[in-house]
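Single-letter residue listing:
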Amino acid sequence: MENILLQAPDASMLPQLLMFGAIILVFYFFMIRPQQKKVSDQKKFREELTKGMSVVTIGGMHGKLIAIDDDTVTLEVDKGVRLTFDKTSVSMEATMKVQKPS
């Protein structure tokens, strides 16, 4: 009985390695690469912010950019009401929706 259990088919490890490699490729092309592209697009968007631009923050605050520093932006949300936000809080997706005419 022991001899039967100890005998295993002589299968190559190549199919298993190919399947593992295929899974890694799927993860890269469908999860990691799009995320890296999104991050680089957001960084490019934040670098291209200009004064007078209408933007939306991730919290939903709409305003016009009146000052841009290295890490912060100042929005005018109403006449005389100015709020300072971190640059990373400006939402690229929501801002694009506001800037495109419906």
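Everything below is about the structure shown above.
The numbering scheme is per chain: residues are counted from 1 as the chain's sequence reads. Selection of residues for local features in this predicted model requires a pLDDT of at least 70, selection of side-chain atom pairs for listing and counting requires 80 or more, and totals for whole chains, interfaces and linings are taken over all residues. Side-chain figures throughout are based on the complete set of non-hydrogen atoms in the structure, without hydrogens or water.

Draft legend 1. View of the packing of aromatic side chains. Any two rings among Phe, Tyr and Trp, with Trp reduced to its six-membered ring, count as a pair given centres within 6.5 Å; such a pair is stacked if its planes are under 30 degrees apart, edge-to-face if over 60, and tilted if neither. The final tally for this structure, using the stated rule, is one aromatic pair. With centroids separated by 5.1 Å and ring planes inclined at 80°, the aromatic side chains of Tyr 28 and Phe 29 adopt a geometry described as edge-to-face. Of the residues examined, Tyr 28 reaches a relative accessible area of 35% and is grouped as partly exposed. According to the relative accessible area criterion, Phe 29 is partly exposed, its value standing at 44%. Per-residue accessibility, obtained with a 1.4 Å probe over protein chains only, is compared with the maximum for each type, and a residue is labelled buried under 20%, exposed over 50%, and partly exposed between these values.

Draft legend 2. How the structure looks around the nonpolar core. With nine residues, the main nonpolar core is built from Phe 45, Leu 49, Met 53, Val 55, Leu 65, Val 73, Leu 75, Val 90 and Met 92. Contact criterion: two residues are considered in contact whenever any of their non-hydrogen atoms come within 4.5 Å of each other. Look past the residues within four positions of Met 53 in its chain and what remains in contact with it is Phe 45, Glu 48, Gly 63, Lys 64, Leu 65 and Gln 99. For our purposes a nonpolar core is just a set of buried Ala, Val, Leu, Ile, Met, Phe, Trp, Tyr and Cys residues, chained together by side-chain atoms within 4.5 Å.

Draft legend 3. Representation of the pairing of strand β4 (residues 81-86). Strands are treated as partners if at least two bridges between them are detected by DSSP. Think of it this way: any DSSP run of H or I at least four residues long counts as a helix, any run of E at least two long counts as a strand, and we number them from the N terminus. Judged from the six bridges that link them, strand β3 (residues 72-78) and β4 form a sheet pairing that is antiparallel. The partner of Leu 75 across the bridge, within β4, is Leu 83. Hairpin connection of β3 to β4: two residues between the antiparallel strands, including Gly 80 at a positive phi of 80°.

Draft legend 4. Here's a closer look at helix α2 (residues 14-47). Helix span, as expected, comes to 1.5 Å for every residue beyond the first. Between its terminal C-alpha atoms α2 stretches 47 Å, which fits the 50 Å expected from 34 residues at 1.5 Å a residue. Of all the bends in α2, the greatest, near 40°, is centred on Tyr 28. Those residues of α2 that fall on the buried side of the exposure criterion are Gln 42, Phe 45 and Arg 46. Buried residues belonging to α2 abut α3 (92-99). Fitting one axis to the seven residues ending at a residue and another to the seven starting there, the bend at that residue is the angle between the two axes.

Draft legend 5. Just the sheet that holds β4, in detail. The four strands are arranged β1-β2-β3-β4 in an open sheet whose pairing can be described as antiparallel. In the strand order of this sheet, the two ends are held by β1 (54-56) and β4, each with one partner. Ignoring strand direction, the axes of neighbouring strands in this sheet form an average angle of 50°. Throughout, an axis means a line fitted to C-alpha atoms (over the contacting stretch in the case of helices), and angles, computed between N-to-C directions, take values from 0 to 180 degrees. Contacts from α3 reach β1 and β2 (62-68) within the one sheet, and its direction differs from that of β1 by about 140°.

Draft legend 6. The side chain of Ser 91, seen in detail. For Ser 91, the position within the fold is in the loop between β4 and α3. Contacts of Ser 91, omitting those with residues within four sequence positions, involve Phe 45, Val 56, Thr 57 and Ile 58.

Draft legend 7. Structural context of a nonpolar patch on the surface. Here a patch means residues that are over 30% exposed by relative accessible area and free of salt bridges, tied together within 9 Å if like-charged and within 5 Å if nonpolar (Val, Leu, Ile, Met, Phe, Trp, Tyr). All accessible-area figures derive from a Shrake-Rupley calculation using a 1.4 Å probe, and residue coverage is judged against the displayed protein chains alone. One side-chain nitrogen of Lys or Arg within 4 Å of one carboxyl oxygen of Asp or Glu is enough to make a salt bridge. On the surface, Met 19, Ile 23, Leu 25, Val 26, Phe 27, Tyr 28, Phe 29, Phe 30, Met 31 and Ile 32 cluster together to form a nonpolar patch covering roughly 1,000 Å² of accessible area. Turning to its location among the elements, Ile 32 is positioned in helix α2. Residue Ile 32 is classed as partly exposed on the basis of its relative accessible area of 41%.

No statement about biological role is implied by the geometric values presented.
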